[in-house]
Amino acid sequence: MAVFGGANLGSVSFSSHLLNQQSCFLSCPLKLLPSSSSSSANRTSLLCVVKSFSGSVTADTDTSSDQSSNPLLREDAGPSRMSTDWKLAKGYCKSGDTFEGEVEGFNGGGLLIRFHSLVGFLPYPQLTPSRSCKEPQKSIHEIAKTLVGSVLPVKVVQADEENKKLILSEKLALWPKYSQNVNVGDVFTGRVGSVEDYGAFIHLRFDDGLYHLTGLVHVSEVSWDYVQDVRDVLRDGDEVRVIVTNIDKEKSRITLSIKQLEDDPLLETLDKVILKDSSSGSASLSSTNGDTIEPLPGLETILEELLQEDGIETVKINRQGFEKRVVSQDLQLWLSNTPPSEGKFVLLARAGRQVQEIHLTTSLDQQGIKKALQRVLERVP
């Protein structure tokens, strides 16, 4: 993968290696909480909730069967009423409308919420982050217990009548209210909610002091340094500052960056990128006619394609150097912050510790060069 950018220009992906973050909805059977996580009184209360519905679903104390959810039905709910309510649930799912549902119980995986004659399932990850962040010392089951009897705004995210699955989300129900106050470039203080191999989910703190929305910092946006494992840098509960880099309103997703709040260590010339050796007073730079410098893997094809772009006359590797740290193992192309001067422009390419300076002769301005490079990267496999 290659990317290019600059401190003021952002970055653009090379080969289509995009994170497709799918919403993860847990699916759990209705069951009694084990004694280790609930008091005897609480178990009795939950048992009463289960017994007040049809026996078509059996309360199960086996925590190993946590992977299927079936809505409970009222004893007096006939087939016609059930069918009508499933149609209504499907309508909510399609329209995205929000409804108010009462919490009637909870189990190991989420809340049980009334939807007319049905009971839907709201997985704990689909609660608004403000609930866990407000009282971080409490377990999720302790928080769930306090919610029984309350009414929550929720959206239907799955209404599967055949498999009797009615999945709900409070997080998505509140998205429109709070996302309208979020813009690309906004800076938030956030709390790390969870860390995955591909990045970290950050709960964003708003002016009221509560954490209403969650965004993703991809592993590539955690630090300018090469990050092999996000867990080496971030842990659950850490407080961080992030900047919003993208908002996908259709998919209700916010993309964040930590590193873009820091100065880009890659400056506009090799003389500034490659630090001088304090003992010798010289930098590890190699200045040649460029013919003897072997292009970084994948760079030669990109340079050949650049020559096919209108407005770019010559492309030449001028010199190279070696950094003291690894910023990324992937090939990266960076636009200079300095606009073209007398038809000359500089690109920097780097992979691992190696950096190469590329001189362009061009009639294009900085934005034109960026667009040309974007087209090239789309063509190169």
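Residues numbered from 1 in each chain as written. Predicted model: local features only at pLDDT ≥ 70, side-chain atom pairs only at ≥ 80, totals over all residues. Heavy atoms only, no water.

In this structure, what is going on with the environment of F99? I would like to understand it.
Relative to the helices and strands, F99 resides in strand β3 (residues 98-106). A sequence separation of 55 residues divides F99 from V154, and the C-alpha atoms of the two residues are 5.7 Å apart. Apart from the residues lying within four places of it in its own chain, the contact partners of F99 are Y92, R114, F115, L152, P153, V154, V156 and L168. (Helix = DSSP H or I, 4+ residues; strand = E, 2+ residues; numbered from the N terminus. Contact = heavy atoms within 4.5 Å.)

Is there a simple way to think about the pattern of salt bridges in this case?
Two side chains with opposite charge may pair up if their charged atoms get near one another. For the structure on display, the rule yields 12 salt bridges. As a salt-bridge pair, D85 and R81 come within 2.9 Å of each other at their nearest N and O atoms. Here the residue D85 and the residue R81 both occupy positions in helix α2 (residues 79-95), the gap between them amounting to four residues, near one helical turn. Judged by relative accessible area, which is 3%, D85 ranks as buried. D197 serves as the salt-bridge partner of R231, at 2.9 Å between the closest nitrogen and oxygen. Placement of R231 in the loop between β10 (211-218) and β11 (239-248) and of D197 in the loop between β8 (187-196) and β9 (199-205) is noted, with a sequence separation of 34 residues between them. Overlapping salt bridges, with partners in common, bring together E305, E309, R375 and R379 in one network. (Salt bridge = Lys/Arg side-chain N within 4 Å of Asp/Glu carboxyl O. Buried < 20%, exposed > 50% of the residue type's maximum accessible area, 1.4 Å probe, protein only.)

Explanation requested: the packing of aromatic side chains in the structure shown.
Working definition: an aromatic ring pair is given by the centre-to-centre distance plus the angle between the planes. What the rule picks out here adds up to six aromatic pairs. With a centroid separation of 5.6 Å and an interplanar angle of 65°, the aromatic rings of Y178 and F206 are classed as edge-to-face. Taken together, the residues Y178 in helix α5 (residues 170-179) and F206 in the loop between β9 and β10 connect sequence positions 28 residues apart. For the pair formed by Y178 and F206, the shared burial category is buried. Clustering of aromatic rings is evident, with ring pairs tying together Y92, F99 and F115. (Phe/Tyr/Trp six-rings, centres within 6.5 Å; stacked < 30°, edge-to-face > 60°.)

I tried to follow the environment of L174 on my own but got confused; where do I start?
Position of L174 among the secondary structure elements: in helix α5. Take L174: its relative accessible area is 16%, and that puts it in the buried class. Sequence spacing of L174 and P153 is 21 residues, and the spatial spacing of their C-alpha atoms is 7.5 Å. When sequence neighbours within four positions are dropped, the list of residues in contact with L174 reads T128 and P153.

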